[in-house]
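Summary of structural features
One letter stands for each residue in the lines below.
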Amino acid sequence: MSSLHPHAKVFIVDDDAGVRDALAWLLRTRRLLSESYRSADEFWDEVQGWRQEPDLPCCVLLDVRMPGTSGLALFEQLLALPWQAAMPVIFLSGHADVPTAVDAVKRGAFDFCEKPFSDNALVDRIEQALAHSTQVLALRQQRQRVQTKLDQLTERERDVMNRVAAGLPNKLVADALHISVRTVEVHRARVFDKLEVKSAVELANLLRGVA
Amino acid sequence: MPRTSALKRAWRYPRRWWMVGFLLLVLLAGLLGVLVFLAREYEWTREQDGLSRDVEALANDMRSELTRNNQTLLLLNSADPDRTVWVQRAERLLQGHRELVRLEWRNTDMGLIATSNSPFLSNVFQTLPREQALPDIRRACDAATRISGPSFSSNYFWPVAGGRGLELMEMCLPIAQSGMPKGFLVATYSLPAMMAEWADSTVLSGRGLAFTEGDGTRLSLHSTVPGGRDLIQASASLDLPGHTLQLQLQSPRRALGLFPNVLTAVVGTLSLALMVVLMFLARDMRRRWRAERELADALAFRKAMENSLITGLRARDMQGRLTYVNPAFCDMVGLSAAQLLGTGLPAPYWPAELLDVYQQRQAVRLAGQALPREGFESMFLRRDGTHFPVLIIEAPLIDAQGTQTGWMSAVLDLSEQRRVEELNRAQQERLQATARLAMMGEMASLLSHELNQPLAAISSYANGSLNVLADPQREPDLLPSAMRQILAQAERAARVIKSVSDFVRRREQVREAVAPADLLASIQPLVALQAGKSGIRVVIDVQVGVPHVLCDRTMVEQVLLNLARNGMQAMPTGDPPARGGWRVLTLSVKSVQPDPSTSARRWVEFEVTDHGLGLSEEAQAQLFTPFFTTKAEGMGLGLSLCRTVIEQHAGELTHAPAQPRGTVFRFRLPAAPTL
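Cut-offs used in this document
Residues numbered from 1 in each chain as written. Chains lettered and ligands numbered in written order. Predicted model: local features only at pLDDT ≥ 70, side-chain atom pairs only at ≥ 80, totals over all residues. Heavy atoms only, no water. Helix = DSSP H or I, 4+ residues; strand = E, 2+ residues; numbered from the N terminus. Buried < 20%, exposed > 50% of the residue type's maximum accessible area, 1.4 Å probe, protein only. Areas by Shrake-Rupley, 256 points an atom, 1.4 Å probe, with all protein chains shown as cover. Phe/Tyr/Trp six-rings, centres within 6.5 Å; stacked < 30°, edge-to-face > 60°. Patch = residues over 30% accessible without salt bridge, like charges linked within 9 Å, V, L, I, M, F, W, Y side chains within 5 Å. Salt bridge = Lys/Arg side-chain N within 4 Å of Asp/Glu carboxyl O. Pairing = 2+ DSSP bridges. Core = buried A, V, L, I, M, F, W, Y, C linked by side-chain atoms within 4.5 Å. Contact = heavy atoms within 4.5 Å. Buried area = accessible area lost by both parts, 1.4 Å probe. Polar contact = N/O pair within 3.5 Å; in protein donor to acceptor, adjacent residues only side chain to side chain. Disulfide = S-S within 2.5 Å. Axes fitted to C-alpha atoms, helices over the stretch in contact; angles between N-to-C directions. Parallel < 35°, antiparallel > 145°, perpendicular 65-115°, else oblique. Left-handed = near helix turned anticlockwise from the far one by under 90°. Nonpolar A, V, L, I, M, F, W, Y, C, P; charged D, E, K, R; others polar.

Before going further, it helps to examine the overall build of chain A. A tally of regular secondary structure across chain A gives nine helices and five strands. Across chain A, helices and strands are ordered from the amino to the carboxyl terminus as β-α-β-α-β-α-β-α-β-α-α-α-α-α. When the 211 residues of chain A are sorted by exposure, 43% land in the buried category. A total of about 10700 Å² of accessible surface is found on chain A, and carbon and sulfur atoms cover 51% of it.

On to the packing of aromatic side chains, then. Tallied over the entire structure, the rule returns 16 aromatic pairs over all chains. When the ring of phenylalanine 75 of chain A is compared with that of phenylalanine 91 of chain A, the centres are 5.4 Å apart and the planes differ by 80°; the resulting orientation is edge-to-face. A residue pair is termed long-range when its members are at least 10 positions apart, and phenylalanine 75 of chain A in helix H3 (residues 71-79) and phenylalanine 91 of chain A in strand S4 (residues 89-93) qualify at 16 residues. Judged by relative accessible area, which is 1%, phenylalanine 75 of chain A ranks as buried. Both rings, one in tyrosine 156 of chain B and one in tryptophan 158 of chain B, keep their centres 6.1 Å apart while their planes meet at 75°; by these two values the pair is edge-to-face. Each member of the pair tyrosine 156 of chain B and tryptophan 158 of chain B is classed as buried. Three or more aromatic residues joined by ring pairs form one cluster here, namely Phe11, Tyr37, Phe43, Trp50 and Trp83 of chain A.

All right, on to a nonpolar patch on the surface then. On the surface, Trp17, Met19, Val20 and Met285 of chain B cluster together into a nonpolar patch covering about 360 Å² of accessible area. Counting through the fold element by element, valine 20 of chain B comes out in helix H1 (residues 2-76).

Before going further, it helps to spend a moment on the pairing of strand S19 (residues 584-592) of chain B. Looking along a regular strand, one sees the side chains alternate between the two faces of the sheet. All names here are of chain B. Summarising burial for S19: eight of the nine residues are buried, a large majority. Sheet topology note: the strand S17 (residues 537-542)/S19 ladder contains six bridges and is parallel. Its bridge partner lying in S19, arginine 537 is registered against valine 584.

What follows deals with unusual backbone geometry. Proline 660 of chain B follows glutamine 659 of chain B through a cis peptide bond whose omega is -5°. In this structure, arginine 31 of chain A takes a positive phi of about 60° despite not being glycine. Note on placement: arginine 31 of chain A falls in the loop between helix H1 (17-29) and strand S2 (33-37). The phi torsion at glutamate 196 of chain A lies on the positive side, around 55°, for a residue other than glycine. Relative to the helices and strands, glutamate 196 of chain A is located in the loop between helix H8 (181-195) and helix H9 (200-210). We classify glutamate 196 of chain A as exposed; its relative accessible area is 59%.

All names here are of chain B. On inspection of all chains with the given rule, the structure shows 35 salt bridges over all chains. A salt bridge links arginine 207 to aspartate 54; the nearest nitrogen and oxygen atoms lie 2.5 Å apart. In this pair, arginine 207 is assigned in the loop between helix H5 (201-204) and strand S7 (208-212) and aspartate 54 in helix H1, connecting sequence segments 153 residues apart. In this structure arginine 207 comes out as buried when scored by relative accessible area, which is 18%. You can call aspartate 54 partly exposed: its relative accessible area is 23%.

Residue and element names in this part refer to chain B. Most of strand S6 (residues 180-190) is tucked away: eight of the 11 residues are buried. Here six bridges tie strand S1 (residues 100-106) to S6, and the two strands are oriented antiparallel to one another. Residue pairing for S6: tryptophan 105 is matched across the bridge by leucine 185. Both strand S5 (residues 165-177) and S6 contribute to a ladder of 10 bridges, which runs antiparallel. Note on S6: the bridge partner recorded for alanine 176 is proline 181. Where S5 hands over to S6, the hairpin turn is made up of two residues, of which serine 178 adopts a positive phi near 45°.

Now for the environment of aspartate 200 of chain B. All names here are of chain B. Looking at the secondary structure, you find aspartate 200 in the loop between helix H4 (191-198) and H5. For aspartate 200, a relative accessible area of 35% puts it in the partly exposed group. In sequence terms aspartate 200 and aspartate 61 are 139 residues apart; their C-alpha atoms lie 9.2 Å from each other.

Looking now at the nonpolar core. Residues and elements named next belong to chain B. Judged by nonpolar contacts, the single largest core of 40 residues is most densely connected at Leu73, Leu103, Tyr189, Met194, Phe211 and Leu247. Sort the elements by how many residues they give to this core and H1 lands first, with eight residues. Listed in part, the 35 residues of the second largest apolar core include Ile523, Leu587, Phe624 and Cys642.

Moving on: the interface of chain B and chain A. Residue-level contacts link 23 residues of chain B with 22 residues of chain A. Taking both partners together, chain B and chain A bury about 1900 Å²; carbon and sulfur atoms supply 51% of that area. For the pair chain B and chain A, the number of links is one salt bridge. The partner of arginine 492 of chain B in a salt bridge is aspartate 16 of chain A, with the nearest N and O atoms 2.4 Å apart. Counting the contacts that link chain B with chain A gives four residue pairs in polar contact (both at pLDDT 80 or more). Mapped onto the side of chain B that touches chain A, the elements with two or more residues apiece are helix H10 (415-470) and helix H11 (478-505) of chain B. For the side of chain B that touches chain A, the element with the highest residue contribution is H10 of chain B, accounting for 14 residues.

This paragraph deals with the state of the cysteines. Counted according to the given criterion, the structure contains one disulfide over all chains. Across the disulfide, cysteine 141 of chain B is cross-linked to cysteine 172 of chain B (sulfur-sulfur distance 2.0 Å). With the S-S dihedral at roughly 95°, the linkage between cysteine 141 of chain B and cysteine 172 of chain B falls on the right-handed side. Of the two residues, cysteine 141 of chain B is situated in helix H3 (residues 134-147) and cysteine 172 of chain B in strand S5; the sequence distance between them amounts to 31 residues. For the residue pair cysteine 141 of chain B and cysteine 172 of chain B, the accessibility class agrees, reading buried in each case. The structure places no disulfide on cysteine 59 of chain A, whose sulfur is separated from the nearest cysteine sulfur, that of cysteine 58 of chain A, by 7.2 Å.

Residues and elements named next belong to chain A. Within the fold, glutamate 127 resides in helix H5 (residues 119-151). Judged by relative accessible area, which is 8%, glutamate 127 ranks as buried. Of the polar contacts made by the side chain of glutamate 127, one reaches the side chain of arginine 30; its length is 3.4 Å.

This part takes up the packing of helix H6 (residues 155-165) of chain A against helix H7 (residues 170-177) of chain A. Residue and element names in this part refer to chain A. Where H6 meets H7, the axes come as close as 10 Å, and the angle between the chain directions of the two elements is 135°. Overall, the two elements H6 and H7 adopt an arrangement that is oblique. In this structure, H6 meets H7 at a crossing whose hand is right-handed. Touching Arg156, Asp159, Val160 and Arg163 of H6 are Val173, Ala176 and Leu177, all from H7. Classifying every residue of the contact of H6 with H7 gives four nonpolar, no polar and three charged.

The subject of this paragraph is the packing of H1 of chain A against H10 of chain B. Interaxial distance between H1 of chain A and H10 of chain B falls to 8 Å at its minimum, and their mutual angle equals 15°. In terms of orientation, H1 of chain A lies roughly parallel with respect to H10 of chain B. Crossing angle aside, the handedness with which H1 of chain A passes H10 of chain B is left-handed. Residues Gly18, Val19, Asp21, Ala22, Leu23, Trp25, Leu26 and Thr29 of chain A of H1 of chain A form the contact with H10 of chain B, whose participating residues are Gln453, Ala457, Ser460, Tyr461, Asn463, Gly464, Ser465, Asn467 and Val468 of chain B. Here the residues of the contact of H1 of chain A with H10 of chain B are counted per class, giving eight nonpolar, eight polar and one charged.

Following this line, the structure appears as structure tokens:
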């Protein structure tokens, strides 16, 4: 998967050092960066410490059963974050925890793997998760850019833009807003300029990406 | 209110009896009254008859006296006497006959020839002249002439001095001489004197005699009845030629007592006696009736009591025949009282396979030995063939004379109790099994987690190593560290497994010397419970002098119990059938003689034998495989566990077909060294 960002990162949260180390080592052989955490609390402290949402693709390998805060409890905390979708969670479960893990997947976890796992299959799944993360991040960044441009529009320009994007001709826009067609044209040119689009179709596409 | 109704009932019956008694009394009194009345009537009639007879006799007497007088009077004029002679004769005659007042001799023309007066009545004819009577005399004499014999005039009253008078009567007798009428003899009779002279004074005592007219008017009284209250009278006519006189006899009605005669008195007394007897009888009857009533009440009470019991009651005589059963007992065994009563031994509710035991018990009972007061448990057969356990409490039945006539038993059906016990036990077992399973699951989960961790790590390192090997340019120095990690994780897994086997091995340490009989004795109640339910006889056969065995007591008991239960489950109700006598589970223990060639160790051999269907080949092959079972609800761990336990004791669990059918399971345990 060469398309992955070279600095994509896998966070491993497991209380068992042997498993932690083995997974990290395995990921290293597949040229994936990883960071290990001994407990849910340790990882949560790390997440809390981040200034802003991650801008690099990442995912979490989370053991279901751990002393202290369980993997499931941590997952609940993560779900509360607005950008959680950018950091998919893969659960690692023992035989007895399968129903719990399945339930977690239904609530939004990316996947679960039953121990002992088929390692390369797990790594494949991790890469898929990272790819997913990449997509989500890209979408979020795109949206942010459009939002920044939209913020520059005035009230009137936004009214005109919404109607133009809906496919209304200038005449009808002017009637609806009780302004002259001439004024509409001026606003329209300014909106195109600010949003760096050349046609009404392009505008509609841009706005659809944000919605 | 039962009390008042009982009272009412108590009264209704005697009242009817009182009515009957009263009627009887009335009848008796009526009878007595009628009897007295009739007897009185009879007495009176008899008295009347007597009186009539007496007056007739008087009349006859008078008639014959008058006739005799005629003869005498005829003699006066015999031989043609002169007057003097006649008078002499007449005077003489008058002296002898007071009834005659006067004699006259008259000629055919009624002319007086001679006369003579009675000396007893001198002056009769002084107050009135004699001529006053002449018409009467003449009539009489005319009649006498006509009939040529004596004839009487009608009577007439003749007053005498002192205002008194006499009733007189004339009799005219014609006198003939040599066929020629020569005159008449006239005799004047005094009626009172006739009665005085001729009436028998004994007949007349206390009676009144009188001559009366035809209409009953008294003419001449001889005597009167003193007092004269209630009189009876009788008349007789005195027929005389020319005249008829009525003679009347009066008598006071004889005062009759309460009982007119002896017969009535006897009958009356007897009736009174009968009444008294009747009264006594009625009183006795009432008392008896009350007693009966009370007895009936007591009987009904007892009956209700018996019917309300759920305890079966049965009585048997000395030969063991049923003499009484209550409804609860009938319900229990499913036979009607009619079917049960009179049946002897063996009783119809004895299960066939237990006949021997019951006969023995009966023999003990007949030998007069006391049976335990707290009762004994037994097994009865229902009509539908099912068995049910019962508790029998027996007491001797002693009659009023103090001799024992049989036994009374209370029979309690224990099947419900047993069922509940069984249910509880099964519930308990299931609970324990569930708990054990849950614990096992928990342990398995823990174990798998513990093993999963190193396995996951090993797998990761191995996969990673393969990755490295597939791409040799990349960090080949990573491999040795991976190998070391694999080793470390493998060792970790080994440690987990060792700890588990250590845990299992810890149990093996308990060993104690136990008598085989004790082992069997401690499982016996549990086995007996299930055996009783399926009608299986349990035979325990411990060889005499068998040594103690060295074992983990609890575990070996569990093994024995498991084998016994398997054996009993191999013999469900009906297979083998109860009649064949093969519904037997045998638990036997014997010591095995040590084989001197191999070892000096002594063994004790246990055998559990059933007579069920036996084991199929497939079952034999998989007998000890864990989780293999032929039972619907079995776990398939029983025999496998048994084998493990026995092997831990250095023994061996084997099985073989039993004779004539069934299976025998056999295992050996080491004998404890003799001290």
